[in-house]
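Now for the letters of each chain:
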Amino acid sequence: MTTTTSDTVSTDVGQAERRPLMTGRALLMMNLGFFGVQFSFGLTQSAVNPLFLLIGADPDQLPILNLAGPVTGLLIQPLIGAISDRTWHPRWGRRRPFITAGALLCAVILFLFPFVGILWLAVICFWLLDAGNNTSMEPYRAFISDRLPKSQLARGFLTQSMFTGAGAVLANLSLFILQKVSALQEEAGNGVPYWMYVCFMIGTVCILLTVLTAMARTRELTPSDEELAEMRNAPKGLHHAVAEIADAVKSMPVAMHKIGVVFVFQWYAMFIYWQFLAVSLGETIFDANPEEGGPAWDAAIGWSGLENAAYNFVTMVSALFLVGFARRIGAKRVHAVALGLAALALVWLSRIDNQYVALLPMIGVGIFWASAVGIPYLMVASMVPAKRTGVYMGILNMMIVVPMLIQTVTFGWIFTHLLDGKGSNAIMLAGILLGIGALAMLWVNPPDEADESPIVPLGSRRSITVYDRVVVGSDGTPTSLYAVDRAAEVAQAAQARLVVVTAYRDGPASAANAVEGVHRDLYGADVAREALTKSVTGLTRERARFIEQRLVAGDPAQALLDTVGANPANLIVVGNRGLGASQGQLLGSVPANVVRNAVCDVLIVQTSALDEERMLGEEAAEPDAASRSAAGGAQAAGPG
């Protein structure tokens, strides 16, 4: 059991500990940079492989030429995550320097990329572009988790998915639309058409404008003194960052391991799809191939951009609903269904010979992509320690890039010798692998309750998962202990922190009010500390995972309200009547004040049903003034 004690805190305590709620406008502004980063990533998906083919690459070389993506993701994202976890600058923050640096690198490479006419130079540009994308993307996801309270985390990742889809839509639509502009049909000296130049120039502007605006308009939260001290004392250097990654892998939640099993099939398949979509469409619809080139091949490239734009548009729309479904039936089932839809879509796509009908399978791919870019990250962000979010986001990306790395070194041979060198067969195999991934997701058993995500469960919902902290007051009396007991049960089910508050008045015990029917307070810090100790003595790890103890000088109701602050994701537990309340009162003064002023949920416990005289005898029926109540929610347990 983890317990912390705050000895005599004022009633305005805790403001620095809370992550403030963000307005809808601020949340949109924070995520705006995902639009530009995803535009860049969309070009690597849809434009880079056709560009490779235009300057002389063979189709069976595409897997090995795409080695940059998985290698840079494998190395850069976890390292950047671990380093950013230990970084803080008063002006630049923790994540923003890495996000900005990655965006600047992407902008430079996007501008230069189409001018390259030599394959090996294009491969170097691809490596640098992927390095920039990964440097921005991982800290950006951690930035969302750092900045938002848990009650807004789902909305934050949903907004990220929407901007991700929007950026990819624009990137792929630009490929399709600009390819139709007659003035841009001519080719430059390196064989690259001018419409592709314009696409990369648009990408340069998008990533600079959106990322720099988002970083300038969104501030990071200043870490606590303890966190800053931990960062300063943490060992620096590449060796220690690698050690941090290894340690995080060892202590990784079981649920993350199970996600990794599915990712093996999922991301191997998606790398095939991105590499061979244009080749497949050329074979089945446009009767074209990259070796012969010509207008028909350009049309296949443009239509592949429209296909990707279509699925990303579906991603934008379906992202609005998937998180809600995941909360109701479990992310495991939602992601399995999404994988199944994508599997059927790609198998169908590999056999379609009409370009307009070929857009329909993108519905299934888009639903899957909405799940793939949102739900796993949301789950991980909610199940790992906040101070290690960066490194765990990097580890999750390792689970993505390792299957991609395997694909780049194995699929060239498979494409030539087992798939007859046909892009349509490659797309069909991708669909089959996604189907296996869907079955693997169903095969994965839900984790133990201790490893379950408190925001989006991997299995179906089995417990309360909506509270950050459960706050209860106690004065050590039986009624207050009953309220503490109920609060501990709720905290355990919610995997939330339990905060036990004991409030007291300054002054001698003789100052206690003993008027019949009037709420009685504790007087003196020593009496209150004794009551607090009594309140948490019986709590074990099985009853509540995290327990915090607070002694507060002041009014009991205000002590509870100040402890929860402005966070609607907290819960206050109060008894309906406390010691000293009138027999006929339905609700005591402390719970009445709490209900009237709280911004979060309030749980009223029926402590008046307890027979205090029977439980404690005469001492309980007429307690001395020194043991009389008033802890915020002791009176939480039953304030009067």
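What you see is a predicted model, and the numbers here were worked out from it, not measured in a lab.

Caption draft 1: Molecular detail of the side chain of Asn 308. In this fold, Asn 308 is placed in helix α13 (residues 295-329). Within polar-contact distance, the side chain of Asn 308 engages the side chain of Tyr 273 at 2.8 Å. Contacts of Asn 308, omitting those with residues within four sequence positions, involve Ser 46, Asn 172, Tyr 273 and Leu 277.

Caption draft 2: Structural view of unusual backbone geometry. Unusually for a residue other than glycine, Asp 287 sits at a positive phi of about 50°. Take Asp 287: it is sitting in the loop between α12 (254-286) and α13. Relative accessible area serves as the criterion here: at 70%, Asp 287 is assigned to the exposed category. One non-glycine residue, Asp 420, lies in the positive phi region at around 60°. Looking at where Asp 420 falls in the secondary structure, it is placed in the loop between α16 (389-417) and α17 (423-443). The class of Asp 420 is exposed, set by a relative accessible area of 57%.

Caption draft 3: Broad picture of the packing of aromatic side chains. Across all of its chains, the model carries 21 aromatic pairs by this definition. Between the aromatic rings of Trp 303 and Tyr 356, the centroid separation amounts to 5.4 Å while the plane-to-plane angle is 85°, which identifies the pairing as edge-to-face. Here Trp 303, found in helix α13, pairs with Tyr 356, found in the loop between α14 (331-349) and α15 (362-383); they are 53 residues apart in sequence, far enough to count as distant. By relative accessible area, which is 56% here, Tyr 356 ends up exposed. Between the aromatic rings of Tyr 311 and Trp 369, the centroid separation amounts to 6.3 Å while the plane-to-plane angle is 85°, which identifies the pairing as edge-to-face. Within this pair, whereas Tyr 311 is found in helix α13, its partner Trp 369 is found in helix α15, the two being separated by 58 residues in sequence. Of the residues examined, Tyr 311 reaches a relative accessible area of 0% and is grouped as buried. In this structure an aromatic cluster arises from ring pairing among Phe 41, Phe 263, Trp 267, Phe 271, Tyr 273, Trp 274, Tyr 311, Phe 368 and Trp 369.

Rules behind the numbers
Residues numbered from 1 in each chain as written. Predicted model: local features only at pLDDT ≥ 70, side-chain atom pairs only at ≥ 80, totals over all residues. Heavy atoms only, no water. Helix = DSSP H or I, 4+ residues; strand = E, 2+ residues; numbered from the N terminus. Polar contact = N/O pair within 3.5 Å; in protein donor to acceptor, adjacent residues only side chain to side chain. Contact = heavy atoms within 4.5 Å. Buried < 20%, exposed > 50% of the residue type's maximum accessible area, 1.4 Å probe, protein only. Phe/Tyr/Trp six-rings, centres within 6.5 Å; stacked < 30°, edge-to-face > 60°.

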